[in-house]
Amino acid sequence: MAQFQQQNQSVYVSGRLAQRDVTQLWSRRDQLFTREAQVVDLSALEYTDSAGIALLLSLKSPTAGSQALKLVSPSPQLQKMIALYDLGDFFE
């Protein structure tokens, strides 16, 4: 399962973010980090599938009480998924 670790305004995601994990995380995705978070660093994300990408993209949309986050430094595996699904505009 993916780990979300916040340090100041950055959230570092590591591990695996697959459908089973997303099912557990989706309803509490706004609680994974504090309101001070502005950037999600994905450089240590080992694996993600399309459900994981959907969760990440949901972080780009502000909801009540939260702001849109920047998704940065996609891992090599995530870069392949970004290219496959033509999602380059969503990641920095």
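In what follows, the structure referred to is the one given above.
Anyway, here's the lowdown on the structure attached to this text. (Residues numbered from 1 in each chain as written. Predicted model: local features only at pLDDT ≥ 70, side-chain atom pairs only at ≥ 80, totals over all residues. Heavy atoms only, no water.)

**Observations concerning the overall build of the protein chain**
When helices and strands are counted, the protein chain shows 3 helices and 4 strands. For the protein chain, the succession of helices and strands along the chain, N to C, is β-β-α-β-α-β-α. The C-alpha atoms of the protein chain give 12 Å as radius of gyration, which agrees with the globular expectation for 92 residues (12 Å, within 12%). Structurally, the protein chain occupies a C-alpha span of about 30 × 25 × 20 Å along its principal axes. (Helix = DSSP H or I, 4+ residues; strand = E, 2+ residues; numbered from the N terminus. Rg over C-alpha atoms; globule rule 2.2 N^0.38 Å.)

**Considering the nonpolar core**
One broad rule of soluble globular proteins: the nonpolar side chains tend to lie buried together. Ranked by size, the top nonpolar core spans 25 residues in total, and within it F4, L17, F33, V40, L42, L56 and L78 carry the most contacts. Listing elements by their share of this core, those giving two or more residues are β2 (10-17), α1 (19-25), β3 (39-48), α2 (50-58) and α3 (76-85). Looking at this core element by element, the count peaks at 4 residues for α2. Leaving out residues up to four positions away in the same chain, L42 has contacts with V13, L56, L71, V72, S73, P74, S75, L78 and F91. (Core = buried A, V, L, I, M, F, W, Y, C linked by side-chain atoms within 4.5 Å. Buried < 20%, exposed > 50% of the residue type's maximum accessible area, 1.4 Å probe, protein only. Contact = heavy atoms within 4.5 Å.)

**Things to note about the side chain of S58**
Here S58 lies in helix α2. When its relative accessible area of 17% is taken as the criterion, S58 is described as buried. Looking at S58, its side chain comes within polar contact range of the side chain of R29, at 3.3 Å. What S58 contacts, discounting residues up to four positions off in sequence, is W26 and R29. (Polar contact = N/O pair within 3.5 Å; in protein donor to acceptor, adjacent residues only side chain to side chain.)

**Examining the pairing of strand β1 (residues 3-7)**
For β1 and β2, the ladder comprises 5 bridges, and the chain directions are antiparallel. Residue pairing across strands places Q3 opposite S14, the latter belonging to β2. The turn joining β1 and β2, which pair antiparallel and follow one another in sequence, is formed by 2 residues; a positive phi near 60 degrees is taken by N8. (Pairing = 2+ DSSP bridges.)

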